[in-house]
Amino acid sequence: MEKALQLDIVTPDKVVFSDQVQYVGARGVEGEFGVLPGHFQLLAALDIGCLRYTNLEGDKKCAFVGGGFAEVLDDKVTILAESSELAEDIDQARAMQARERAEKRLEHRTEEIDADRAQAALHRAITRIGVYSEIH
Ligand code: ATP
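Residues numbered from 1 in each chain as written. Predicted model: local features only at pLDDT ≥ 70, side-chain atom pairs only at ≥ 80, totals over all residues. Heavy atoms only, no water.

## Points about the side chain of threonine 78
Then step 1. Along the chain, threonine 78 falls in strand 6 (residues 76–81).
Then step 2. If sequence neighbours within four positions are ignored, threonine 78 has contacts with Asp8, Phe69, Ala70 and Glu71. (Helix = DSSP H or I, 4+ residues; strand = E, 2+ residues; numbered from the N terminus. Contact = heavy atoms within 4.5 Å.)

## Side note on the site of the ligand
Then step 1. Among the 13 residues in the neighbourhood of the ligand, the closest are listed as Ser83, Glu85, Arg94, Arg101 and Arg124.
Then step 2. Contact between the ligand and arginine 94: an oxygen atom at 2.8 Å from a side-chain N or O atom of the residue.
Then step 3. For the ligand, the protein covers 72% of the area, taking 590 Å² as the surface of the free molecule.
Then step 4. Comparing atom positions with the cavity grids shows the ligand to sit within the largest pocket.
Then step 5. Among the elements of the structure, strand 7 (84–86), helix 1 (92–107) and helix 2 (115–134) are those that each provide at least two residues to the shell around the ligand.
Then step 6. In terms of residue class, the shell around the ligand is made up of three nonpolar, two polar and eight charged.
Then step 7. Two domains each donate at least three residues to the shell around the ligand, and these are domain 1 (5–87) and domain 2 (91–135). (Near = heavy atom within 4 Å. Polar contact = N/O pair within 3.5 Å; in protein donor to acceptor, adjacent residues only side chain to side chain. Areas by Shrake-Rupley, 256 points an atom, 1.4 Å probe, with all protein chains shown as cover. 1 Å grid on protein atoms, 1.4 Å probe; cavity = no way out; pocket = protein on both sides within 12 Å on 5 of 7 lines; lining within 4 Å. Sits in = over half its atoms within 2 Å of the grid points. Nonpolar A, V, L, I, M, F, W, Y, C, P; charged D, E, K, R; others polar. Domains from an automatic or database assignment.)

## Some points on the nonpolar core
Then step 1. By size, the foremost hydrophobic cluster in this structure holds 22 residues, and its most contacted members are Leu7, Ile9, Val24, Leu51, Val77 and Ile79.
Then step 2. Of all the elements, strand 2 (residues 15–28) adds the most residues to this core, at five residues.
Then step 3. Ignoring sequence-local partners within four residues, the contact set of leucine 51 consists of Leu7, Ile9, Val24, Gly25, Ala26, Lys61, Cys62, Ala63, Val65 and Ile79.
Then step 4. Residues Ile48, Ala87, Ile90 and Val131 belong to the second largest nonpolar core, which totals eight residues. (Core = buried A, V, L, I, M, F, W, Y, C linked by side-chain atoms within 4.5 Å. Buried < 20%, exposed > 50% of the residue type's maximum accessible area, 1.4 Å probe, protein only.)

Take a look at the structure:
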């Protein structure tokens, strides 16, 4: 078999994905990057975004990642994510409710509302809706 990468996506409460893949593409805070077997060692902070990977059958997949870190070492890619779901596990209705909640908070700002937190929640919700719609 051709060389492969071991991809592990973990959050504080679960292992979201653990399998061999051909390719991983991630959205780092300093820009997008792609990883193929033989990639140099890398540690990168991740933005909220879609993590793309190509499985051994050649299917292109994506997972939502709510920020975190990516480590690449010896053909092993470890994603330590604050939150993450595979595209097929995204609950669209929940993401739409989260978007609405965050939009309301940002529209009706009071001193108690943490705008950065609402903005991040909005970014997560919009990104989840985007990842969901890629496969539906
Ligand atoms: P919400 O307000 O709906 O909880 P959130 O952006 O604050 O959204 P996170 O803190 O990113 O949620 O994630 C909390 C947990 O809920 C994680 O385990 C995450 O995988 C899961 N989760 C959040 N939103 C969704 C969704 N739309 N579909 C599936 N799982 C979700």
